[in-house]
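Observations on chain architecture
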Amino acid sequence: MEPQEIGTLEANLRRVRERIRAACERAGRSEDEVRLIAVTKYTTVEVIRALIELGVEDIGESRVQDTLRKRAELGGSPARWHLIGHLQRNKVGKALEAYDLIHSVDSVRLGEELDRRAEHPVEVLVQVNVSGEASKSGLPSEGLSELLEQAASWRNVRVLGLMTIAPQLGQAGYEDPEDLRPVFAELRELMSSANRSGSFADQLVHLSMGMTQDFEVAIEEGATLVRVGSALLEGLESTARTAN
Ligand SMILES: *Cc1c(COP(=O)(O)O)cnc(C)c1O
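These remarks concern the structure in this document. (Residues numbered from 1 in each chain as written. Predicted model: local features only at pLDDT ≥ 70, side-chain atom pairs only at ≥ 80, totals over all residues. Heavy atoms only, no water.)

**Details of the overall build of the chain**
Counting its regular elements, the chain contains nine helices and nine strands. Taking 2.2 N^0.38 as the reference for a compact globule, 244 residues should give roughly 18 Å; the C-alpha atoms of the chain span a radius of gyration of 18 Å, in line with that estimate. In terms of its C-alpha atoms, the chain occupies a principal-axis envelope of roughly 55 × 40 × 35 Å. Each of the 244 residues in the chain was classed as buried or not, and the buried ones make up 51%. Counting every atom, the chain has about 11,400 Å² of accessible surface; 45% of that belongs to carbon and sulfur. Charged side chains in the chain number 29 positive and 40 negative. The centres of these two groups are separated by 4 Å. (Helix = DSSP H or I, 4+ residues; strand = E, 2+ residues; numbered from the N terminus. Rg over C-alpha atoms; globule rule 2.2 N^0.38 Å. Buried < 20%, exposed > 50% of the residue type's maximum accessible area, 1.4 Å probe, protein only. Areas by Shrake-Rupley, 256 points an atom, 1.4 Å probe, with all protein chains shown as cover. Lys, Arg positive; Asp, Glu negative; His and termini not counted. Charge placed at Lys NZ, Arg CZ, Asp CG, Glu CD.)

In structure tokens:
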């Protein structure tokens, strides 16, 4: 990367961290409670390397094959890798190689397949379709307690929390990040009630919610993992704007 591009990336990163800090302050939360996951599905290995050199510790990708390729090209990195995209059951073996945390377990069958294939402890989040949009993947909220009951008997897979993707702003009824607050509050409520109940007592600790359009509101509602892509890559030429 050109030094000028690295400067742009660094300024973007500083601005995002500052916005995270300010949102934490508004919510009376400690900054250490929120981890920034840099979403790099749109971008190159060079940008990922630069982000890591700038101190980013968590990288989010949405496709297993792309992640394995990028990781191979990087040749080892101190980062933690997150799967934030949908996982097909036939990719489970590869996903177990590629990621430290899988955010997108959205069915009992997928959880069982991960558990069956895993040879060591694996950490996952359950993706919930809080808003009930037909176009969104994720488990319907009503299915969560059933999944968690099943998960209590999994040997290797540990559910650490919940993930959601809020509706895209600009759609009917969702004009402003404020309009998404109920979605994030609902995910937090789902986690609290799971933590109060039976076999999952106090085991869920992470809420993966918030992206460029809405991460500040998500933090105010309790996000512990925010997944930010576009805001970090703004103004970079080397960034292909085709999300994959
Ligand atoms: C792409 C993606 C993001 C990042 O989105 P930006 O709007 O670029 O910040 C976050 N979460 C998921 C699940 C994604 O697919």
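Structure shown, so let's carry the discussion forward.
**Some points on the pattern of salt bridges**
Following the criterion strictly, the structure yields 18 salt bridges and no others. Two residues, Asp66 and Arg69, come together in a salt bridge whose shortest N-O distance is 3.9 Å. You can see Asp66 and its partner Arg69 sitting in helix H3 (residues 64–74), three residues apart, about one turn around the helix. Ionic contacts of the salt-bridge type, sharing partners, join the residues Arg26, Glu178, Arg181, Arg188, Glu220 and Glu221 into one network. (Salt bridge = Lys/Arg side-chain N within 4 Å of Asp/Glu carboxyl O.)

**Quick notes on the site of the ligand**
The immediate surroundings of the ligand are formed by Val39, Lys41, Tyr42, Ile84, Ile165, Met211, Thr212, Arg227, Val228, Gly229 and Ser230. In this structure, an oxygen atom belonging to the ligand sits 2.6 Å away from a side-chain N or O atom of Lys41. One nitrogen or oxygen atom from the main chain of Gly229 is found 2.8 Å from an oxygen atom belonging to the ligand. Taking 390 Å² as the accessible area of the ligand by itself, protein coverage stands at 89%. Residues that form the shell around the ligand fall into these classes: six nonpolar, three polar and two charged. (Near = heavy atom within 4 Å. Polar contact = N/O pair within 3.5 Å; in protein donor to acceptor, adjacent residues only side chain to side chain. Nonpolar A, V, L, I, M, F, W, Y, C, P; charged D, E, K, R; others polar.)

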